[in-house]
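# Observations on chain architecture
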Amino acid sequence: MNTTTERTDIQIKNDVLSELKYEPSIRSTDIGVLVQDGIVTLQGSVSSYGERWETVRVAQRVTSVAAITNDIIVNLPESSHRTDGDIASMAANQIKWFLATPTGAVEVTVKEGWLTLNGEVEWEYQRKAAQNFVQHLLGVKGVSNLIMVKPSLTVTGIETDIKSAFQRSALLDAQQIHVEISDNKVILQGKVRNYGEREEAERVAWAAPGVLLVDNQITMQWSKTT
């Protein structure tokens, strides 16, 4: 039968550490993990912003993680240092070549290695893609993604589209997720089994044409078959 099981903070901590060690894209051994009431705090240092971002993604995969605080700092090795001008140029070129947006839609500024993205795009995937393209560049210490999503499409049947997408998904139980629409805002409620399902539900909602905001109120309910 299915029974809900409570996992201790020590079990969660050990699983997060094991998952970080298992992930080949994370090379640093200077990452510490603290857990209290299911909330994971990541500490220590890494050699790139991309690696810092990846540690969060890895921790999210672990069962019973309720939330994550990322206190990891980026200590760039000497070989990775770049001027702000070089970083800005590389970032602008990445976005220009790989992101299907009009020229000038995304503006890049850099100060002391911290990269800020501004502008407007039509889709949430474009906003996320812009950050993905630049956060692994050499010399980047952090990214602030201030790009706004402003769809040109009119919202029609958005609730039906999202629910249909949930039903098609092999990763989600559509019966456990409630969708509410208010203007261009999508409110998601319900329960899922892990962080990955919660993020997948949000991704699907953002993919619907005309969505300006997704309020993800989905909670996680872990269970184990015994």
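Residues numbered from 1 in each chain as written. Predicted model: local features only at pLDDT ≥ 70, side-chain atom pairs only at ≥ 80, totals over all residues. Heavy atoms only, no water.

## Describing the overall build of the protein
When helices and strands are tallied, the protein shows 6 helices and 14 strands. Across its three principal axes, the protein shows a C-alpha extent of roughly 60 × 50 × 25 Å. Classification of the 226 residues of the protein by burial places 40% in the buried group. Sequence separation of 24 or more characterises 67% of the internal contacts of the protein that already satisfy a separation of 6 or more. Accessible surface, the protein: about 12800 Å² in total, of which carbon and sulfur atoms supply 49%. Across the protein, the 22 positively charged side chains and the 28 negatively charged ones have centroids separated by 2 Å. (Helix = DSSP H or I, 4+ residues; strand = E, 2+ residues; numbered from the N terminus. Buried < 20%, exposed > 50% of the residue type's maximum accessible area, 1.4 Å probe, protein only. Contact = heavy atoms within 4.5 Å. Areas by Shrake-Rupley, 256 points an atom, 1.4 Å probe, with all protein chains shown as cover. Lys, Arg positive; Asp, Glu negative; His and termini not counted. Charge placed at Lys NZ, Arg CZ, Asp CG, Glu CD.)

## Focus: the packing of helix α3 (residues 84–98) against helix α4 (residues 124–134)
Viewed as axis vectors pointing N to C, α3 and α4 meet at an angle of 130°, and their least axial separation amounts to 9 Å. On the basis of the axis angle, α3 is oblique to α4. Note on packing geometry: the crossing formed by α3 with α4 is right-handed. Only A130, F133 and V134 of α4 make contact with α3, whose side of the interface consists of A91, Q94, I95 and F98. Class assignment of the residues belonging to the contact of α3 with α4 gives a composition of 6 nonpolar, 1 polar and no charged. (Axes fitted to C-alpha atoms, helices over the stretch in contact; angles between N-to-C directions. Parallel < 35°, antiparallel > 145°, perpendicular 65-115°, else oblique. Left-handed = near helix turned anticlockwise from the far one by under 90°. Nonpolar A, V, L, I, M, F, W, Y, C, P; charged D, E, K, R; others polar.)

## Details of the nonpolar core
By size, the foremost hydrophobic cluster in this structure holds 59 residues, and its most contacted members are V16, L117 and F166. Setting aside residues no more than four positions away along its own chain, L117 makes contact with I95, V106, E107, V108, A130, Q131, V134, V143, S144, N145, L146 and I147. (Core = buried A, V, L, I, M, F, W, Y, C linked by side-chain atoms within 4.5 Å.)

## Some remarks on α3
The terminal C-alpha atoms of α3 lie 21 Å apart, and with 15 residues this matches the ideal 21 Å at 1.5 Å per residue to within 8%. When we look at burial in α3, the residues that qualify are I87, A91 and I95. Projected down its long axis, α3 carries its buried residues within an arc of 60°, all on one side. More than 90 degrees from the buried face of α3, the exposed residues found are K96 and W97. Tucked inside the fold, the buried residues of α3 contact β6 (106–111), β7 (114–121) and α4. (Expected span 1.5 Å × (residues − 1). Arc of directions from axis to C-beta.)

## Re the environment of L146
Tracing the sequence through the fold places L146 in the loop between β8 (142–145) and β9 (148–149). Under the relative-accessibility criterion, L146 is labelled partly exposed at 47%. Each C-alpha atom, one on L146 and one on V106, is 9.7 Å from the other, the two residues being 40 residues apart in sequence. Beyond its immediate chain neighbours, meaning those up to four positions away, L146 contacts T116, L117, N118 and G119.

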